[in-house]
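Here's the letter readout for the chains.
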Amino acid sequence: MPELFRGPFDRHSTASQVIDGVDLSGKRAVITGATSGIGVETARALASAGAEVTLAVRRPDAGEEVAAHVRATTGNDTIHVARLDVADLDSVNTFTAGWAGPLHILVNNAGIMMLPELERGSGGHEQQFATNYLGHFALALGLYRALAEADGARMVTVSSSGHLFSPVVFDDLDYRFRPYDALGAYGQSKTAEVLLAVEADRRWSSEGIRANALHPGAIATNLQRHTGGLKTPEPYRKTVEQGAATSVFLAASPLVEGLGGRYFEDVNEAPQVTARPTELGVPGVAAYALDAANAERLWDLGTTILRRP
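First, a word on scope: everything that follows refers to the structure included in this document.

What counts as what
Residues numbered from 1 in each chain as written. Predicted model: local features only at pLDDT ≥ 70, side-chain atom pairs only at ≥ 80, totals over all residues. Heavy atoms only, no water. 1 Å grid on protein atoms, 1.4 Å probe; cavity = no way out; pocket = protein on both sides within 12 Å on 5 of 7 lines; lining within 4 Å. Points joined across faces, edges and corners; volume = space filled by probe spheres on them. Nonpolar A, V, L, I, M, F, W, Y, C, P; charged D, E, K, R; others polar. Helix = DSSP H or I, 4+ residues; strand = E, 2+ residues; numbered from the N terminus. Expected span 1.5 Å × (residues − 1). Buried < 20%, exposed > 50% of the residue type's maximum accessible area, 1.4 Å probe, protein only. Arc of directions from axis to C-beta. Contact = heavy atoms within 4.5 Å. Polar contact = N/O pair within 3.5 Å; in protein donor to acceptor, adjacent residues only side chain to side chain. Pairing = 2+ DSSP bridges. Axes fitted to C-alpha atoms, helices over the stretch in contact; angles between N-to-C directions. Phe/Tyr/Trp six-rings, centres within 6.5 Å; stacked < 30°, edge-to-face > 60°. Lys NZ or Arg CZ within 6 Å of the ring centre and 35° of its normal. Core = buried A, V, L, I, M, F, W, Y, C linked by side-chain atoms within 4.5 Å. Salt bridge = Lys/Arg side-chain N within 4 Å of Asp/Glu carboxyl O.

Side note on empty space enclosed by the protein
Summed over the entire model, instances satisfying the criterion amount to 1 cavity of 30 Å³ or more. Roughly 40 Å³ of volume is contained in the largest cavity. In terms of lining, the largest cavity is formed by R154, R210, N212, L250, V256, E257, G258 and L259. Residues of the lining of the largest cavity, tallied by class, amount to 3 nonpolar, 2 polar and 3 charged.

A short note on helix α10 (residues 292-307)
Given a rise of 1.5 Å per residue, 16 residues ought to cover 22 Å, and the 23 Å separating the end C-alpha atoms of α10 matches this to within 8%. All of the buried residues in α10 are A295, L298, W299, G302, T303 and I305. Burial along α10 is one-sided: seen end-on, the buried residues are contained in an arc of 160°. Of the residues in α10, the exposed ones pointing more than 90 degrees away from the buried face are A293 and R307. Summarising the contacts, the buried residues of α10 are in contact with α5 (127-142) and α7 (182-204). In this structure D291 caps α10, since a side-chain oxygen of it lies 3.1 Å from the backbone nitrogen of A293.

Describing the sheet that holds strand β2 (residues 52-57)
Hydrogen bonding along the main chain pairs the strands of a sheet, whether they run parallel or antiparallel. Strand order in the open sheet formed by 8 strands is β3-β2-β1-β4-β5-β6-β9-β10, and the pairing between neighbours is mixed. A single partner strand is all that each edge strand has here, and the edge strands are β3 (79-83) and β10 (268-269). Sheet topology note: the strand β1 (residues 28-32)/β2 ladder contains 5 bridges and is parallel. Counted as the bridge partner of R28 is E52 from β2. Contacting β1, β2 and β3, helix α4 (residues 89-98) runs over the sheet at an angle of about 140° to β3. Set on the sheet, helix α9 (residues 245-252) makes contact with β4 (105-108), β5 (153-158), β6 (209-215) and β9 (263-265); between it and β5 the angle comes to about 160°.

Structural notes on the packing of aromatic side chains
The tally for this structure, following the rule as stated, stands at 10 aromatic pairs. Measuring from ring centre to ring centre gives 5.1 Å for F129 and Y133, while their planes differ by 40°; the resulting arrangement is tilted. Taken as a pair, F129 and Y133 lie in helix α5 at a separation of 4 residues, close to a single helical turn. Exposure class is identical for F129 and Y133. Each is buried. In this structure, R178 is placed above the aromatic ring of Y175, and the distance from its NZ or CZ to the ring centre is 3.9 Å.

A short note on the nonpolar core
F95, L103, L106, Y133 and L298 are the most contacted members of the largest nonpolar core, which totals 47 residues. Residue assignment for this core shows that the elements contributing at least two residues are α4, α5, α6 (144-149), β5, α7, β6 and α10. The dominant element in this core, judged by the number of residues it contributes, is α7, at 8 residues. Leaving out residues up to four positions away in the same chain, Y133 has contacts with Q128, S189, A192, E193, L196, L298, W299 and G302. Grouped together as the second largest cluster of nonpolar side chains are 42 residues, A47, A49, L259 and V267 included.

Topic: the pattern of salt bridges
For the coordinates displayed, the defined rule picks out 11 salt bridges. A salt bridge links R210 to D201; the nearest nitrogen and oxygen atoms lie 2.8 Å apart. For R210, a relative accessible area of 23% gives the class partly exposed. For the salt bridge of R203 with D300, the shortest nitrogen-to-oxygen distance reads 3.3 Å. With R203 in helix α7 and D300 in helix α10, the pair connects residues that are 97 residues apart, well separated along the chain. Taking the relative accessible area as the measure of exposure, R203 reaches 31% and is therefore partly exposed. Taking relative accessible area as the criterion, D300 reaches 39% and is therefore assigned partly exposed.

Some thoughts on the environment of Y175
Position of Y175 among the secondary structure elements: in the loop between β5 and α7. Taking the relative accessible area as the measure of exposure, Y175 reaches 5% and is therefore buried. Expressed as a C-alpha distance, the spacing of Y175 and H125, which sit 50 residues apart in the sequence, is 8.8 Å. Discounting chain neighbours no more than four positions away, the residues touching Y175 are L118, R120, E126, Y180, D181, G184, A185 and Q188.

Just geometry here; none of it tells us what the structure is for.
Structure (structure tokens):
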């Protein structure tokens with residue numbers, strides 16, 4: 001096991017602090033789901049460092065409002081908006097087909113959480129798995145050549161400590177046999193996102209593409225609309241600026257140059273655990289979420305799903 005990364009930042013650090021002194025001039029970034037929450041702050045932080053940022057969003061009208069705000073607050077005019085709905089594979093394919101040139105930073109930030117009833121998305125797959133994992137997997141594959149062309153790209157995937165509530169259940173991904181459980185389905189999709197980073201890094205690191213996943217922390221955003229709002233006690237909550245810090249750090253900091261296939265929280269690498277922590281605020285990533293065999297199996301399965309008509 002490689003030594004865990006420990007840097008100068010912690011759970012209180014903000015996106016502005018971790019990007020301070022970083023120059024992203026000439027770099028191009030894509031951020032999914034950048035119309036609210038930490039996606040907006042991630043865009044603002046990367047733009048403040050000089051990156052050309054594309055907000056890949058489901059609602060371009062809302063994206064244009066965010067883009068105007070980012071331009072005004074950073075002085076960076078190279079902020080673009082493109083339609084992308086990661087829940088719709090046709091939309092993903094249209095976006096990737098239209099991308100030209102290198103891509104230095106891909107932030108898989110969009111997501112849905114704890115749908116109260118079983119819904120099915122692309123190909124009849126459980127909606128959280130289809131959106132949080134499958135859509136971003138298709139996006140990564142579609143942008144692979146652009147990432148390779150960058151000669152030193154980073155892919156950052158926003159997972160969650162919710163992954164600790166379920167591994168990927170390969171024999172029943174879509175709740176055809178199990179009773180539907182909103183938290184379990186969310187957890188499975190977030191484990192899948194960590195495994196995406198693990199396998200992408202294994203396959204693509206030789207071409208300069210490094211991939212990591214992260215837990216942003218407990219932040220009150222639209223993500224909790226199906227849960228009745230953020231339930232985490234006040235002392236463990238983060239601001240949006242703090243919540244975006246780990247995404248921005250992994251996307252841009254020279255301190256993690258050359259690192260990949262890892263899971264971070266509170267702007268540091270999380271230790272592996274073999275049981276879910278019973279206390280709030282205790283960091284940890286499930287061993288099953290970093291398991292190489294699970295990662296390869298999921299990649300192969302995802303590839304098979306995307307090939308089906």
